[in-house]
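The chain contents come next:
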Amino acid sequence: MKKISTLALALIAMGTVTSAWATSTDNLPTGYYKIKSAVTGNSNITNIHMFNDAFLEVNTPKATLLSSETAETNNYIWYVTNTGGSKISIVNGQGTGIKLEDGDNGSYKYKGPYKELTPVDANSTYPASIYFSEGLYTPNTSGTQSDNHQYGSYTAAAYWANANAATTKWNFESVSVEDKGVYTVTVTGSADGYVTRTATSEHAFNGGFFIAESGSTISADDLTAGAVEGFTSNVSVDASTKTITVTYAADFTTWTGNLNEAKAVLTSKRIGYPVESSTAYATFKSTLDELSKVTAENLTSAKFTELATAVSAFKLSTDNIRMPEDGKAYTITAVSKAGVKSYMNYAASGYTLKKTDAADNSSYPETAKFVCHKLEDGKYVFVNNDGKFLTYKGYYNAAVNGNKGYTDGYTKVEYSYTDKAGASQTTSFYPQLFTLPKLANGSNASGVDDAYLCLLGQRANNDNAANDVYYVIKGNSNFDGGSAPYFNDTYSSAFLFEEVSYPNTVTFNKVSDVEGVSNLATFSAPFATVVPEGVTAYYVSTADNTKATMKAIEAGKAIPAKAGVILTSTTGDKATMIPATTETAADLTGNKLGNSAGAAKTIAADDHAYILSAVDGQTAFYKGKVGTTLGMNKAYLTLNEAGAPEAISMNFGGNVTGINQIVNAEQNNAPVYDLTGRRVVRTVKGGLYIKGGNKFIAR
């Protein structure tokens, strides 16, 4: 609404404004009105005012909201203008106009709000009541349209009722402003800006107004500018013209911060976001490239909206999204619609959810980490650091393993039951298998604000066959379940998958003194693992005071859980060890290798540990120093024999490490030195020394 002129206000007060409207509204002057339903005898409709509550463009509240309302606030006082051509313009104090709404089923999609409506001759003369309609709107679903939809008065009524319908009949009650101050509002700098009058909590957008009480005034101290992200604001009042001006100025620092956060989203590689090759990624990147050109001089609130919309569209896109990868580790965090986060945490008694306020998963314990194995059919398996396989957990007691949420291994479950026809049936399935659909807005999930995946698995249905079921979390962080995903105030199927470090990616050490071997490492894990392509796994079948003999694990067999092994590689310096599923674990009976599977190990005297390392370029198992720490998921040699030396060489099927040149220091008179360069007179059996420029182990 344009600012009301002093002359117009004077004419309103005098009641001398004439109109060129149809007969039924000839006597309706321009001015301030309360517009109230003319229906009588209906408790749901009688005395209902057209009303715009804060920020809502719903024009008529239910009877329980306003049936007893008497205060003359700007939320339901309207300024009615003769716009000519049998039109009226109706604007409330918020600065918003009436828009036509579908009160029945929402099948009609109308544009609005429109401020001009057409009075309809209903054989009724002002000031008793009039009908009016709105002629501008989007065609309905059938493609038809009309320019004479009547404006109805009650949320449950059809808003396009005919002119004889009681619910479309209105009284226009004039509001006197002669002894009151009418303050008009102008908002500049932001289309989203508004001002609030503290005393009444009324809101006014650009073009709105406030009506002061008789004899009172409105000052800047009585007003507060609405918060608009990225903008500062100032409110001023010109008492002489009764004009309130709200000025917004863009905060470029906030804009830069928001833009950088959006760029971080693009490059985050978070599970559930579109990958770099997707159309959604390209679209988002292009938008960010353009918005990066915005300067402080041309920054507007529309740019903030455009940025926020682009970020949301990218997060919620289902276009070629990033999924968990083979061998990588993740935390799995349930997220409620209220924003409560609870990470999945393992205990022997069963999985629980631990609430967290952490911004990320960096503080989560090892018990909250899962290593992923992605199968060829799009199914996923998750194994924790105790070697437990994730399964469905909910309110169903019939879930496997007593509803603990895990099994000790990757095992097939069989159920026998009697079907409805009385026939005996048997079904089998792997309860450790999950699919991970992206949670999207739908009938059971609405208001999704980010990229979340669902956990869809299988359970036993008492004595019936297994069936698909979603992980569902209640608002109190307890497990529930459902045949469909949820995201509401009570239930949620939203899970945040965040990558986390876990030592199942082996980094090989380069060696040059072991014939036929160029990359060497030790490994163990709390779960059985697949031997990667190009990698050979060995265990120590025998060991004595001179050498440890390696024996290769049979091709196609998995490394057993909590078994120490030596790995060699012909393809690279790294290899990711993936949890085994249907692979048979190798038989490593007699293996002399200990392990630190699942946790770092402090070397004790009774471990008799030898650590694989290279000393002065010589690769061997060297006696571990008591009290030192061996990293998690490593292996070491155990050798509890009398007179065991300081170092043990390795024999890979005849290929012996260079340090296996065992020399008797007593055989000649050449001087002998220890590794610090000091000359020694007598050697100690098993000690490592230098003689004639060569290292040797004394016998």
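Residues numbered from 1 in each chain as written. Predicted model: local features only at pLDDT ≥ 70, side-chain atom pairs only at ≥ 80, totals over all residues. Heavy atoms only, no water.

Caption draft 1: Inspection of the overall build of the protein chain at higher detail. Helices and strands together make up the secondary structure of the protein chain, namely 6 helices and 49 strands. Going through the 699 residues of the protein chain one by one, you find that 48% of them count as buried. Sequence-distant contacts in the protein chain: of pairs separated by 6 or more residues, those separated by 24 or more amount to 62%. By element, 47% of the accessible surface of the protein chain is carried by carbon and sulfur atoms, the whole surface being about 32,200 Å². (Helix = DSSP H or I, 4+ residues; strand = E, 2+ residues; numbered from the N terminus. Buried < 20%, exposed > 50% of the residue type's maximum accessible area, 1.4 Å probe, protein only. Contact = heavy atoms within 4.5 Å. Areas by Shrake-Rupley, 256 points an atom, 1.4 Å probe, with all protein chains shown as cover.)

Caption draft 2: Structural context of the nonpolar core. Ranked by size, the top nonpolar core spans 34 residues in total, and within it Val195, Phe210, Ile244, Val246, Trp255, Phe284 and Leu307 carry the most contacts. If sequence neighbours within four positions are ignored, Phe284 has contacts with Ala262, Val265, Leu266, Ala310, Val311 and Phe314. Among the nonpolar cores identified, the runner-up in size contains 29 residues, and Phe389, Val506, Ala575 and Leu588 belong to it. (Core = buried A, V, L, I, M, F, W, Y, C linked by side-chain atoms within 4.5 Å.)

Caption draft 3: The arrangement of the sheet that holds strand E13 (residues 231-238) in detail. Within the open sheet, the 4 strands sit side by side as E11-E8-E14-E13. Their pairing is mixed. One side of each edge strand has no neighbouring strand; the edge strands of this open sheet are strand E11 (209-211) and E13. Taken pair by pair, the neighbouring strands of this sheet meet at an average axis angle of 20 degrees, ignoring direction. Alignment of strand E8 (residues 182-188) against strand E14 (residues 243-250), held across 5 bridges, turns out to be parallel. Note on E14: the bridge partner recorded for Val185 is Ile244. (Pairing = 2+ DSSP bridges. Axes fitted to C-alpha atoms, helices over the stretch in contact; angles between N-to-C directions.)

Caption draft 4: How the structure looks around the packing of aromatic side chains. Within the structure shown, the criterion is met by 24 aromatic pairs. On the basis of an interplanar angle of 75 degrees and a centroid distance of 5.4 Å, the ring pair of Tyr346 and Tyr406 is categorised as edge-to-face. Within this pair, whereas Tyr346 is found in the loop between strand E16 (341-345) and strand E17 (352-356), its partner Tyr406 is found in strand E21 (residues 406-407), the two being separated by 60 residues in sequence. Relative accessible area serves as the criterion here: at 11%, Tyr346 is assigned to the buried category. (Phe/Tyr/Trp six-rings, centres within 6.5 Å; stacked < 30°, edge-to-face > 60°.)

Caption draft 5: The sheet that holds strand E9 (residues 195-197), seen in detail. Taking strand neighbours across the sheet as the criterion, the 3 strands line up as E10-E9-E12 in an open arrangement whose pairing is antiparallel. The outermost strands of the open sheet, each flanked by one partner alone, are strand E10 (202-204) and strand E12 (223-225). In this sheet, neighbouring strand axes are inclined to one another by 25 degrees on average, regardless of whether the strands run parallel or antiparallel. Where E9 lies against E10, 3 bridges are found, and the strand directions are antiparallel. Of the residues in E10, the one forming a bridge with Val195 is Ala204.

Caption draft 6: Quick peek at helix H3 (residues 252-267). Over its 16 residues, H3 extends 23 Å from the first C-alpha to the last, a length consistent with the 22 Å expected when each residue adds 1.5 Å. Considered for burial, the residues of H3 that qualify are Trp255, Asn258, Leu259, Ala262, Val265 and Leu266. Down the axis of H3, the sector holding all buried residues measures 110 degrees, keeping them to one side. Facing away from the buried side of H3 by more than 90 degrees, the exposed set consists of Thr253, Glu261 and Thr267. Buried residues in H3 make contact with helix H4 (279-291) and helix H5 (301-316). You can read the cap of H3 off the contacts: a side-chain oxygen lies 3.0 Å from the backbone nitrogen of Thr253, and it is on Asp251. Remark: Lys269 follows H3 within two positions and exhibits a positive phi of approximately 55 degrees. (Expected span 1.5 Å × (residues − 1). Arc of directions from axis to C-beta. Polar contact = N/O pair within 3.5 Å; in protein donor to acceptor, adjacent residues only side chain to side chain.)

Caption draft 7: Broad picture of the side chain of Thr391. If you trace the backbone, Thr391 turns up in the loop between strand E20 (389-390) and helix H6 (400-403). Leave out the neighbours within four places in its chain, and Thr391 touches Val400, Gly405, Tyr406, Thr407, Pro431, Gln432, Phe434 and Tyr471.

Caption draft 8: Representation of the environment of Ile566 within the structure. Checked against the element boundaries, Ile566 lands in strand E35 (residues 565-569). With 44 residues separating them along the chain, Ile566 and Thr522 place their C-alpha atoms 4.5 Å apart. With residues near it in sequence (within four places) discarded, Ile566 still touches Leu520, Ala521, Thr522, Thr536, Ala537, Tyr538, Met550, Leu593, Leu612, Phe621 and Phe652.

Caption draft 9: Broad picture of the pattern of salt bridges. Across all of its chains, the model carries 13 salt bridges by this definition. Here Arg322 and Glu276 are joined by a salt bridge, their closest N and O atoms 2.9 Å apart. Here Arg322, found in the loop between H5 and strand E15 (329-335), pairs with Glu276, found in the loop between H3 and H4; they are 46 residues apart in sequence, far enough to count as distant. Here Arg322 falls in the buried class, since its relative accessible area comes to 13%. The network of salt bridges with common partners includes Arg270, Lys315 and Asp450. (Salt bridge = Lys/Arg side-chain N within 4 Å of Asp/Glu carboxyl O.)

Caption draft 10: Region of interest: the packing of H3 against H5. Orientation of H3 relative to H5, taken along the N-to-C sense of each, is 15 degrees, at an axis distance of 11 Å. In terms of orientation, H3 lies roughly parallel with respect to H5. You can see that H3 and H5 cross each other, and the crossing is left-handed. Residues Thr254, Trp255, Asn258, Leu259, Ala262, Val265 and Leu266 of H3 lie in contact with H5, whose contacting residues are Lys303, Phe304, Leu307, Val311, Phe314 and Lys315. Taken together, the residues of the contact of H3 with H5 break down into 9 nonpolar, 2 polar and 2 charged. (Parallel < 35°, antiparallel > 145°, perpendicular 65-115°, else oblique. Left-handed = near helix turned anticlockwise from the far one by under 90°. Nonpolar A, V, L, I, M, F, W, Y, C, P; charged D, E, K, R; others polar.)

Caption draft 11: Geometry of unusual backbone geometry. One non-glycine residue with positive phi stands out, namely Asn401, at about 55 degrees. Mapping Asn401 onto the fold places it in helix H6. Taking relative accessible area as the criterion, Asn401 reaches 33% and is therefore assigned partly exposed. Within the chain, Lys562 stands out as a residue other than glycine whose phi angle is a positive 60 degrees. Structurally, Lys562 can be placed in the loop between strand E34 (547-552) and E35.

Just geometry here; none of it tells us what the structure is for.
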